[in-house]
Amino acid sequence: TQTVQSAKAESEKIRLIGTAEAAAIVSIGKADAERMRQKAAVYKQYGDAAIMSLVLEALPKIAAEVSAPLAKTEEIVLIGGPDNTTAEITRLVGQIPPAVNALTGVNLSKVLGKIPGASTQPVTAAVK
């Protein structure tokens, strides 16, 4: 009788632990789903601004990945005059909005145009 009672108690213990673990998993799942629902509501409410925030948070990571090969470079030699250098820099900067659009689907020029005081006009620089 004592062995049967001990086995019943052990099985009840295992059942209660399983029920508690299942309840914890359900609670975590519900909390995660609610968090995702709230994030979606915020993104919907703020639209492009929320997406732009995500893009701006991701840009340093993207820049780090793109520049990683440059960390192994010991020397860079530019051939050409100042005009060629300026043109090349302008070309590279001009490729940033299409690259962000291709990676994220966000039209950077359009979003920046909505920011008061921001300009989407190309910047001209003089290199001496």
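See above for the structure.
The sections below set out a description of the structure shown in this document. (Residues numbered from 1 in each chain as written. Predicted model: local features only at pLDDT ≥ 70, side-chain atom pairs only at ≥ 80, totals over all residues. Heavy atoms only, no water.)

## Here's the deal with the overall build of the protein chain
Then, in step 1: Assigned secondary structure in the protein chain consists of five helices and zero strands.
Then, in step 2: Secondary structure elements in the protein chain, listed N-terminal to C-terminal, are α-α-α-α-α.
Then, in step 3: Evaluated residue by residue, the protein chain yields a buried proportion of 6% over its 128 residues. (Helix = DSSP H or I, 4+ residues; strand = E, 2+ residues; numbered from the N terminus. Buried < 20%, exposed > 50% of the residue type's maximum accessible area, 1.4 Å probe, protein only.)

## Quick notes on a nonpolar patch on the surface
Then, in step 1: A grouping of Val-42, Tyr-43, Tyr-46 and Leu-54 is seen on the molecular surface, where their side chains present a nonpolar patch of about 350 Å² in accessible area.
Then, in step 2: Broken down by element, the residue count for the nonpolar patch peaks at three residues, all from helix 1 (residues 2–46).
Then, in step 3: Within the fold, Leu-54 resides in helix 2 (residues 48–71).
Then, in step 4: Leu-54 gets classed as partly exposed once you look at its relative accessible area, which sits at 38%. (Patch = residues over 30% accessible without salt bridge, like charges linked within 9 Å, V, L, I, M, F, W, Y side chains within 5 Å. Areas by Shrake-Rupley, 256 points an atom, 1.4 Å probe, with all protein chains shown as cover. Salt bridge = Lys/Arg side-chain N within 4 Å of Asp/Glu carboxyl O.)

## Brief notes about helix 2
Then, in step 1: Its 24 residues give helix 2 an end-to-end C-alpha distance of 34 Å, which sits within 8% of 34 Å, the value for a rise of 1.5 Å per residue.
Then, in step 2: A bend of about 35 degrees at Ala-58 is the largest found in helix 2, and the proline Pro-60 appears one to four places after it.
Then, in step 3: By the burial criterion, the buried members of helix 2 are Ala-50, Met-52 and Val-55. (Expected span 1.5 Å × (residues − 1). Bend = angle between axes of the 7 residues up to and from the residue.)

## Points about the layout of surface pockets
Then, in step 1: Each pocket or cavity is described by its volume, and for the second largest pocket that value is around 310 Å³.
Then, in step 2: Taken together, Leu-59, Ile-62, Ala-63, Val-66, Leu-92, Gln-95, Ile-96, Ala-99, Val-100 and Leu-103 make up the lining of the second largest pocket.
Then, in step 3: Contributions of two or more residues to the lining of the second largest pocket are made by helix 2 and helix 4 (96–104).
Then, in step 4: When its residues are assigned to classes, the lining of the second largest pocket shows nine nonpolar, one polar and no charged.
Then, in step 5: Viewed by domain, the lining of the second largest pocket spans two of them, domain 1 (1–74) and domain 2 (77–117), each represented by three or more residues. (1 Å grid on protein atoms, 1.4 Å probe; cavity = no way out; pocket = protein on both sides within 12 Å on 5 of 7 lines; lining within 4 Å. Points joined across faces, edges and corners; volume = space filled by probe spheres on them. Nonpolar A, V, L, I, M, F, W, Y, C, P; charged D, E, K, R; others polar. Domains from an automatic or database assignment.)

## Notes on the pattern of salt bridges
Then, in step 1: One pass over the full model with this rule turns up three salt bridges.
Then, in step 2: With a shortest N-O distance of 2.5 Å, Glu-12 and Arg-15 are connected by a salt bridge. Here Glu-12 pairs with Arg-15, and both are found in helix 1, just three residues apart, close to one helical turn.
Then, in step 3: A residue is classified by how much of its surface remains accessible, and Glu-12, at 34% relative accessible area, is partly exposed.
Then, in step 4: Between Arg-35 and Asp-32 there is a salt bridge; the shortest N-O distance is 3.9 Å. Placement of the pair is Arg-35 and Asp-32 together in helix 1, with a separation of three residues, close to one helical turn.
Then, in step 5: Exposure remark for Arg-35: the relative accessible area of 45% places this residue in the partly exposed category.

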